[in-house]
Amino acid sequence: MNTRGLRSQPKDSVPVTGMGQQVGAYGVQDTLRSGFSSVKNELLPSHALELSEKNFQLNQDKMNFSNLRNIQGLHAPLKLQMEYRAARQIQRLPFLQSSHLALDTLKGNDESISFEDILNDPSQSEMVGEPHIMMEYKLGLM
Amino acid sequence: MATLSVCQPQLGGFSFENCKRNAVLEAEVTKLGCNIPSARKTGTTICGVVFKDGIVLGADTRATEGMIVADKNCSKIHYISPNIYCCGAGTAADTEMTTQIISSNLELHSLSTSRLPRVATANRMLKQMLFRYQGHIGAALVLGGVDCNGPHLYSIYPHGSTDKLPYVTMGSGSLAAMAVFEDRYKQDMEEEDAKRLVRDAIAAGIFNDLGSGSNIDLCVITKGRVDYLRPHDMANKKGVRCVYEHEALPHQTGNYKYKQGTTGVLTKSVIKLDLEVVEETVQTMDTS
């Protein structure tokens, strides 16, 4: 029986570049915000699923939009993306919990439950973001 | 982590923060020669069969943790919707959570469509979820139910492949159970025949596989009726040796105590111990 229960070291990992650190001013690593780093840490993902889970929603959206474009023409994904962009702006400041109600309804997340809703609920996370830093990051002022 | 500042809002779902730390810990522990604790598996025999009017699902009730029996009577047939039930083998927590998530999703979906859910919908939801996690969720399932198109039976593997068949078995005792099925399965059986066939298949798994044991649970699903028989058959009762088909009665475990007088008495001497009263004190209780 193949159980990958508690074994964590991936054996066939391929080094990828999607795990890069944040870059601060002057192109140097941002030690204050992302901690100490080493090349080895950045190169290999710590779990086989880490990258695929990070980009899962993006990849799903890309696939759905390209299907929609092929079936119904360019206007369909354009209109949908415009609506998503409008709905995404209805939210509180980044350090507060917003319900994303409009965005969820548009995406259809209000009719499904998955691990994102059960595990690691952001409204109950132990770390609270510092308001000033999160606002600066959001406005791009860093 | 206390010195880092959080810049982006946290996302829900799986967090891989501790994977590197776990890998280092595992390497250290293996160097010392110990083992990290293993996840509780169900080491199971589960099976299902399609008969004339519906589905019979069967499961044993033993959960193992390595070489130890963790649960002598666990329930492996999970509810998905009023007309769909699912047996689970593999890692116990994974099957439990997977079936609960799919049951919730199916309920939401059926409320949205206002129709009884179909087995094919549950199957597709399960296979898409298991494929997304590339087999790291160790849940091997036997899904069966009756919907508007008749009875359906699917087997779903941890990596996300599914098979739609008239009879399926999964788990460590699947070969023993499949042997019974291959010998005696017929199309369009009656309900009693189907229940007897599933009971015998699970019993074959219980007696021939170390990872399966205890009782046999059955679930009979027909259009408009579900019989959840738990336990249907107590194949392994403590203190009773097992019953085979050719024996008339189950006999008790043997009594190995000797009768009084088996060993002859040669001499007997009684010494009385005289106890002296040295001191006597009375302590009153405070009953105020």
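Residues numbered from 1 in each chain as written. Chains lettered and ligands numbered in written order. Predicted model: local features only at pLDDT ≥ 70, side-chain atom pairs only at ≥ 80, totals over all residues. Heavy atoms only, no water.

As named in an unreviewed UniProt entry, chain B is Proteasome subunit beta, taken from Oncorhynchus mykiss. You can read under Catalytic activity (unreviewed entry) in the UniProt record for chain B the words "Cleavage of peptide bonds with very broad specificity." (UniProt positions renumbered as here; feature names shortened; annotations may be inferred.)

As recorded in an unreviewed UniProt entry, chain A goes by the name Proteasome maturation protein, listed as coming from Oncorhynchus mykiss. You can read under Sequence similarities (unreviewed entry) in the UniProt record for chain A the words "Belongs to the POMP/UMP1 family."

## Re helix H5 (residues 191–208) of chain B
Given a rise of 1.5 Å per residue, 18 residues ought to cover 26 Å, and the 26 Å separating the end C-alpha atoms of H5 of chain B matches this to within 8%. A large share of H5 of chain B lies buried, amounting to 13 of its 18 residues. (Helix = DSSP H or I, 4+ residues; strand = E, 2+ residues; numbered from the N terminus. Expected span 1.5 Å × (residues − 1). Buried < 20%, exposed > 50% of the residue type's maximum accessible area, 1.4 Å probe, protein only.)

## Side note on the state of the cysteines
Residue and element names in this part refer to chain B. For the structure on display, the rule yields zero disulfides over all chains. With no disulfide of its own, Cys 148 lies 19 Å from the sulfur of Cys 219, the closest cysteine sulfur. Judged by relative accessible area, Cys 148 falls into the exposed class, the value being 54%. (Disulfide = S-S within 2.5 Å.)

## Some thoughts on the domain arrangement of chain A
All names here are of chain A. Domain boundaries in chain A define domain 1 (33–89) and domain 2 (91–141). Taking only C-alpha atoms into account, the centre of domain 1 sits 16 Å from that of domain 2. Across the boundary between the two partners, domain 1 contributes eight residues, which contact seven residues of domain 2. On inspection of domain 1 and its partner domain 2, the count reaches zero salt bridges. Of the residues forming the side of domain 1 that touches domain 2, the biggest block, four residues, is contributed by helix H5 (residues 75–88). Split into classes, the residues belonging to the side of domain 1 that touches domain 2 amount to two nonpolar, one polar and five charged. (Domains from an automatic or database assignment. Contact = heavy atoms within 4.5 Å. Salt bridge = Lys/Arg side-chain N within 4 Å of Asp/Glu carboxyl O. Nonpolar A, V, L, I, M, F, W, Y, C, P; charged D, E, K, R; others polar.)

## Description of the pattern of salt bridges
Inspection of the entire model under this criterion finds twelve salt bridges over all chains. A salt bridge links Glu 53 of chain A to Arg 132 of chain B, with the nearest nitrogen and oxygen atoms 3.1 Å apart. Placement of Glu 53 of chain A in helix H3 (residues 50–54) and of Arg 132 of chain B in helix H3 (residues 119–132) is noted, with the two residues assigned to different chains. In this pair, the class of Glu 53 of chain A matches that of Arg 132 of chain B, namely buried.

## Some words on the packing of helix H2 (residues 92–113) of chain B against H3 of chain B
All names here are of chain B. Direction vectors running N to C along H2 and H3 enclose 130°, while the axes themselves pass 10 Å from each other. With respect to their mutual orientation, H2 and H3 come out oblique. The hand of the H2/H3 crossing is right-handed. Where H2 approaches H3, its residues Thr 98, Ile 101, Ile 102, Asn 105, Leu 106 and His 109 are matched on the opposing element by Thr 121, Ala 122, Met 125, Leu 126 and Met 129. (Axes fitted to C-alpha atoms, helices over the stretch in contact; angles between N-to-C directions. Parallel < 35°, antiparallel > 145°, perpendicular 65-115°, else oblique. Left-handed = near helix turned anticlockwise from the far one by under 90°.)

## Some remarks on the pairing of strand E8 (residues 150–156) of chain B
Residues and elements named next belong to chain B. Within E8, six of the seven residues are buried, which leaves it mostly tucked inside the rest of the structure. Bridge count between strand E7 (residues 139–147) and E8: seven bridges; the pairing is antiparallel. Its bridge partner being in E8, Leu 143 is matched across the sheet by Tyr 154. Linking E7 back to E8 in an antiparallel pair, the connection comprises two residues. Between E8 and strand E9 (residues 162–164), which follow one another and run antiparallel, lie five residues, and Gly 160 among them has a positive phi close to 115°. (Pairing = 2+ DSSP bridges.)

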